[in-house]
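# A structural walkthrough
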Amino acid sequence: MNEFMEVFMLSLVPTFEGRYAIVYGIGRGYPVAETLIIASLGVLLLSLALPLLLPLIDWVMLNLDDTPLGKFAELYLRYVQRVRRKAHPYVERWGVPGLTVFVAIPLPGTGVWTGALAAYIFGMEKRRTMTALLIGGMLSILITLIPSLGALKIF
């Protein structure tokens, strides 16, 4: 597989996203500028698509109860509850800036996917959600890029 396609595909994976795709690409020795651009394109795609697709995904999951995929839907619904609990302090109190910070924190359980779901759960306007996801996702990439380049030594 093309090295940049690897980075792009990883930038779309929940919890991995652009922030860890950039670390992967740099760790594999891929050119930094191209890796940064490709990971950023993944964040851009997620930031624009997820706010539009989540209502459909939610509807599908809610209608899988009596199917063989019912267990999968149950996992999804538990994930939604966890997102609601985890993101509530950021989104409910601070709105778009809170969502941006929540997405920018490069830890598992935060990020563009979780931020998009939180914004959907709390009924944030799509255009503002997309902006917060994009800015937060890019900040997250920068936060992980600096140590990846060795510019910041962690003891």
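That block above? That's the structure.
Summary of the structure given here. (Residues numbered from 1 in each chain as written. Predicted model: local features only at pLDDT ≥ 70, side-chain atom pairs only at ≥ 80, totals over all residues. Heavy atoms only, no water.)

### As for the overall build of the protein
Selection criterion: In DSSP terms, a helix is any run of H or I states spanning at least four residues, a strand is any run of E spanning at least two, and both are numbered starting from the N terminus. For the radius of gyration, the atom set is restricted to C-alpha positions; the globular benchmark scales as 2.2 Å times the number of residues to the power 0.38. Only protein chains enter the accessibility calculation, which uses a 1.4 Å probe. A residue is then buried if its area is under 20% of the maximum for its type, exposed if over 50%, and partly exposed in between. Pairs of residues are marked as contacts when any of their non-hydrogen atoms sit within 4.5 Å.
From N to C terminus, the protein includes 6 helices and 0 strands. Starting at the N terminus and walking to the C terminus, you meet the elements of the protein as α-α-α-α-α-α. Here the C-alpha radius of gyration of the protein, 16 Å, is about what a compact globule of 155 residues would show, namely 15 Å. Classification of the 155 residues of the protein by burial places 40% in the buried group. Partitioning the intrachain contacts of the protein with sequence separation of at least 6 by distance along the chain shows that 69% fall at a separation of at least 24.

### Here's the deal with the environment of Ile26
Looking at the secondary structure, you find Ile26 in helix α2 (residues 17–27). Its relative accessible area of 16% is what places Ile26 among the buried residues. Spatially, the C-alpha atom of Ile26 lies 13 Å from that of Leu10, the residues being 16 residues apart in sequence. Non-local contacts of Ile26, meaning those with residues more than four positions away in its chain, are made with Val32, Thr35, Leu145, Ser148 and Leu149.

### So, helix α4 (residues 70–104)
What counts is decided by this rule: By definition here, a helix of n residues has an expected span of 1.5 Å times n minus one. Working definition for bend: take the seven residues up to and ending at a residue and the seven starting at it, fit an axis to each, and measure the angle between the axes.
Between the first and last C-alpha of α4 there are merely 32 Å, a value that for 35 residues lags more than 12% behind the 51 Å anticipated at 1.5 Å per step. Where α4 bends most, the angle comes to about 150°, and this point is Gly95, followed within four residues by the proline Pro97.

### Considerations on the pattern of salt bridges
A side chain of one charge can pair with a side chain of the opposite charge when the charged atoms of the two come close. Let me state the cut-off plainly: Within this document, salt bridges are pairs made up of a side-chain nitrogen of Lys or Arg and a carboxyl oxygen of Asp or Glu, the two lying within 4 Å of each other.
Scanning all chains against the criterion turns up 1 salt bridge. Among the salt bridges present, the one from Arg78 reaches Glu74, with a minimum N-O distance of 3.1 Å. With Arg78 and Glu74 both in helix α4, this residue pair falls 4 residues apart, about one helical turn.

### Considering unusual backbone geometry
Trans peptide bonds make up the majority, and among non-glycine residues the majority have a negative phi. A positive phi angle, near 70°, is found at Thr15, a position not held by glycine. With respect to the secondary-structure elements, Thr15 resides in the loop between α1 (3–11) and α2. Of note, the phi angle at Glu17 is positive, near 50°, even though the residue is not glycine. Summarising the element assignment, Glu17 is placed in helix α2. When its relative accessible area of 3% is taken as the criterion, Glu17 is described as buried.

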